[in-house]
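Topology and contacts: notes
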Amino acid sequence: MRPFLAIATALIVAAGSLTVASPSLAQSKSEIVIGVQCDRTGPTQIVGTVYCPGFHDYIALINSKGGVDGHPIKALEIDHEYKVPPAVESYERHKKDGAVTMAIYGTPQIYALAAKLTEDRIPGTSPGFGSAAAADGLRYPYIFPIAATYWSQGAAAVDFVKKQMGGSLKGKKIAYIFYDNPAGREPIEVLEDLATKEAFQLKIFAVPPPGVEMGAQVLDIAQRYRADFVIAHLFGGAPSVSIKEFKRVGYPLRKVVSFVWGSAEANIDGAGGFGVAEGYYVMQFAGVGSDYPVLNEIREMYKKQGKEPPKEMASTVFYNRGVLVAALHVEAIRNALKAKPDGKITGVDTKNGFEKISNFTLGGLVPPLKITNTDHEGGGLVQIWQVKGGKFEKVTDWYAAYQDVVAKHIKESGAKK
Amino acid sequence: MIQRECGVLKTTYEADMGLYPLPIAKWTVAALGVVFFLIVPLTLHEYYLSVANLVWVAVIGALGLNILVGYTGQVSIGHGAFMSVGAYTAANLANRLGSPWPVNLLAGGLMAALIGAIVGIPSLRIKGLYLAIATLAGQLIIEWTINHVTFISGGVQASIEVARPRLGPMVLDTQRDMYYFLLVFVVLAIVGTMNLMRSRIGRAFIAIRDQDIAAEIIGINIFRYKLLAFAISSFYAGVTGVLYTYFLGIANYEQFQIGVSIDYLAMIIIGGLGSVLGSIFGAIFVTLLPIVIRYAMEAFGGIFFSPQTVLNLIPNLRLMLFGALIIFFLIVEPEGLNRLWRNIRSYFRVWPFAY
C-alpha cells in the first residue's frame, strides 16, 4: 500500500506542476494581471457566486478577442470568505504575481487594504461598498469606488422619493430602515442634511445583525409612524425578510425603494418571488436584464465553444455588476497601455488609466461615468428599477442627485482627518 | 519546549523550574532564533512574510486566549471584542494625542485588561457553558458600543486610520519591517506566557482550572485570580488588536466581530489547551492550512475540471477539507496538535525500539 501511495502522490505532483507551467507559454505579448477577491462561501455568497463568474466571463470575452492591444488579461481570483486575514494574504499574493489593479470585495477588506494599496501604488476598486469618503481622489489616490457610494445612493433615493411625491417633500414622513452596522449607518448624515433642506421628517429604524428579525420595525413604520415612503438599506438575507414583512403588515411595496444590495433577483426570490414583491423599487449601479450587446457577445462566445451560457447569467443584477467591474478594470488597463505602448505598465499607470475613464457605457450596462483624479466615484450615477409583471422594469435613466450635499460631506470628512 | 530529555534527574527546585531543562534546549532555541530572525526574513519573498505576519498576530492572540481557557479553565467567546478595545484605544490615542506606538500599545493592552476583567466578573458565579454565554454577551455589548458611540469609533464608519509605527527615523511600512516588529512581540508573548505559567500566579490558574473549590481551600483567592486571568488574557488580546491595527493601518469594527472570537477558540482547541506550543501550532494551523489547501487545489484542480468550475470549487472544497482536517486531527489526538507532537517526539526518542 505505502509504495503505491508514494508513487501515486509523486505522479499527481508531477502532473500538477505540468498543468501549472503550460499556460504561460501560449501568448507572445506579456500578460496583464488583475487581482480579484471574491466571496463565494462567506456571508455575502449570494452576491459572490454570481458576481465573480460575471467578472471572469468578461475577461474571457476580452481574451477571446485577442486581449487588450494584444496583451492577454489574467484575472487571478482568491476567495476570502469575507474575512480580513485571507484578504490580506490574497492581496500580497496578487501583488507577488504582478497584479497592476485589484478588484477588492467587501467593506472591511477595502478598509484593511487601503493603506497597503496606497503604499504599494496599486489601484483597488470598491464598487458599491466601502467608505463613501473614498470618492475623494486626492485623499485616497488609489481607492476607486467606481460606482455610487452610500452617500450618493442616499441622495438619489431622496430625489426619487421627491419625484414620486409630486415634486415636494415638505412635511412628508420618510422612514429609513437599515442594517445596523457602519455601512448601514453611513448614509444617515446625508439623509439628515437633506431632511432639513427639503423639510421632510426622517425617522431611522435600525435592524440589528444578522437582520432576519424586523417585524417590530416594519410594523412601526407602517402603522405607528405611517411613513409616506421607505428607504431601505439592508444586506444579505435581510432585504428578502423586509419585503415579506412589508407585505405582511399590508404596507404597499410601491412606497419602498431599496439601496443597491437589496435589489437583485436573489433578494426577490428569497421573499417568495416576483409576484410577491410587485411594485418594489430598487436602485442599481449597473444595468439590469440580459438585453445588452456585451451579454450577447458572451453568449456567442460560449456558443462558439459549444457550451451553454452559464446559469449565473440568469441572475442579471449581480452578473451584470461583475461584468461592469471587470469592464472598468479592462478600460483602465486599455488607457494605461495607450499611454505606455511598450506594455510594461504598473499600478500607477492603471491608476491614471482609471482616471481617464469617461463615457464608457458598454451599450447601457455601465453608467456614463466620468472618473477624474478628484472624483473616483465617477458621478454617483444610479438607475431605479421596479418589480413589475415578473421582472425588473426601468423607471429612471442614469441620474445623480444633490451632488452639492454629497460633495460637502466628502469635503468635511477630509477636513476631519 | 521542543527538546528531548532522558529521565528526571533534577536535584534542586531551580533545576526543576528551569526554562531549559537540557543544554540542547538552548541550542534549539538559538537555532530557531537564527531561522526566524535571519534566514526567513532575509531569504523569503514579501508575500510569505505577509503570511508569517498574519500567523504572528494569531499566535499572540491564541497565547492570550490559552492563558484563560487552557490554563485557567474559563471559557471566553469575547476575545474578538477585547481585541477591538485595544485597537480602538490605540487608534484614538494615536489620532487625538499623537502619542507614539509603545504608549498606545501599552494603553491598548491595559484598557483591554480592564474591560476584560469587568466582563470576567460573572466567572465568579458561573462556569463552563454559562460563562461562555456571559462572555458572548460581553462581545455583543462591546460591538454595539463601538458601532454606536462615535466618540470611540471616530465616526459612523467606525474605522480610524492609524499612521505606520516609527522606529526613530524609520517608518515600518513594508511586510519585512512588520515581520520584525511583530516577531519581537511574539517572542515577548511566548517568554511571558512560559514564565507566567511557572510562577505562583500560573500555578494558581492551573489549580483553579483543575478544581476551583480545592484551590480555594489551599488558600488561593479565587476572586482575585479569576479576574487576574481575565485581565492578563485580555491584555494579550488588546495587544493583538493594537498590533493588528498597526499591521493594517486601520482600526475597523468589522475586523473584530464574533467570528474572530470563534476562530481563536478553534486555534487553541486544535493546537492544544493549556500549552504554549499548542497555541503556536493552532495559530499556524488555522492560518496556513486554508492557504496550503488552496495552493494544492490550484495545482491539481486543472487536471479534472474547467477553469471556471475550478474557481467555484476551490473555495467550497477548501472549506470542506479544512473542516475535515480539523475533525481528523481532533480524532487522531483529542488533546490537540501539541500532544500529537509530543507523541511523535517520544516515539522517536526510543526509535527504533518500540518502548
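About the cut-offs
- Residues numbered from 1 in each chain as written.
- Chains lettered and ligands numbered in written order.
- Predicted model: local features only at pLDDT ≥ 70, side-chain atom pairs only at ≥ 80, totals over all residues.
- Heavy atoms only, no water.
- Disulfide = S-S within 2.5 Å.
- Helix = DSSP H or I, 4+ residues; strand = E, 2+ residues; numbered from the N terminus.
- Buried < 20%, exposed > 50% of the residue type's maximum accessible area, 1.4 Å probe, protein only.
- Pairing = 2+ DSSP bridges.
- Axes fitted to C-alpha atoms, helices over the stretch in contact; angles between N-to-C directions.
- Parallel < 35°, antiparallel > 145°, perpendicular 65-115°, else oblique.
- Left-handed = near helix turned anticlockwise from the far one by under 90°.
- Contact = heavy atoms within 4.5 Å.
- Core = buried A, V, L, I, M, F, W, Y, C linked by side-chain atoms within 4.5 Å.
- Nonpolar A, V, L, I, M, F, W, Y, C, P; charged D, E, K, R; others polar.
- Expected span 1.5 Å × (residues − 1).
- Bend = angle between axes of the 7 residues up to and from the residue.

Residue and element names in this part refer to chain A. Overall, the coordinates contain one disulfide over all chains when judged by the stated rule. Two residues share a disulfide in this structure: Cys38 and Cys52, whose sulfurs sit 1.8 Å from each other. One disulfide, between Cys38 and Cys52, carries an S-S torsion of 105° and so falls in the right-handed class. Highlighted residues: Cys38 in strand E1 (residues 32–38) and Cys52 in helix H2 (residues 45–64), separated in sequence by 14 residues. Neither Cys38 nor Cys52 differs from the other in exposure class; each is buried.

Residues and elements named next belong to chain A. Taken together, seven strands build an open sheet; the order of strands is E7-E6-E8-E9-E10-E11-E12 and the sheet is mixed. Each edge of the open sheet is held by one strand with a lone partner, namely strand E7 (201–207) and strand E12 (391–394). Within this sheet the neighbouring strands show an average axis-to-axis angle of 25°, counted without direction. Across four bridges, strand E10 (residues 281–284) lies against strand E11 (residues 383–388) in antiparallel orientation.

The side chains of a regular strand alternate between both faces of the sheet. Residues and elements named next belong to chain A. Of all seven residues that make up strand E6 (residues 173–179), six are buried, and the element is covered over most of its length. Bridge analysis of E6 against strand E8 (residues 229–233) gives five bridges, and the strand direction is parallel. Looking at the pairing, Tyr176 lines up with Ile231 of E8.

Here we come to the packing of helix H12 (residues 258–271) of chain B against helix H13 (residues 276–304) of chain B. All names here are of chain B. Following both chains from N to C, one finds H12 and H13 inclined at 120°, their axes separated by 7 Å at the closest point. Taken together, the axes of H12 and H13 lie oblique to each other. Handedness of the crossing formed by H12 with H13: right-handed. Contact with H12, carried on its side by Met267, Ile270 and Gly271, involves Gly278, Gly282, Ala283, Phe285 and Val286 of H13 and no other residues of that element.

This part is about the nonpolar core. Core analysis: the biggest nonpolar cluster contains 240 residues, and Tyr58 and Ile231 of chain A have the highest contact counts within it. Apart from the residues within four sequence positions on either side, Ile231 of chain A is in contact with Ala157, Val158, Val161, Ile174, Ala175, Tyr176, Ile177, Leu191, Val257 and Phe259 of chain A.

Moving on to the packing of helix H3 (residues 46–71) of chain B against H12 of chain B. Residue and element names in this part refer to chain B. Interhelical geometry of H3 versus H12 gives an angle of 75° and a closest axis separation of 9 Å. When the axis of H3 is compared with that of H12, the two are roughly perpendicular. Along its contact with H3, which presents Val57, Ala58, Gly61, Ala62, Leu65, Asn66 and Val69, the element H12 presents Tyr264, Leu265, Met267 and Ile268. Residues that form the contact of H3 with H12 fall into these classes: nine nonpolar, two polar and no charged.

In this model, helix H14 (residues 307–332) of chain B (26 residues) spans 35 Å end to end at C-alpha, consistent with the 38 Å of a helix rising 1.5 Å per residue. The sharpest bend along H14 of chain B reaches about 35° and sits at Leu313 of chain B, with the proline Pro315 of chain B one to four residues further on. Those residues of H14 of chain B that sit buried are Val310, Leu311, Ile314, Pro315, Arg318, Phe322 and Ile326 of chain B. Contacts made by the buried residues of H14 of chain B are with H2 and strand E2 (73–79) of chain A together with H12 and H13 of chain B.

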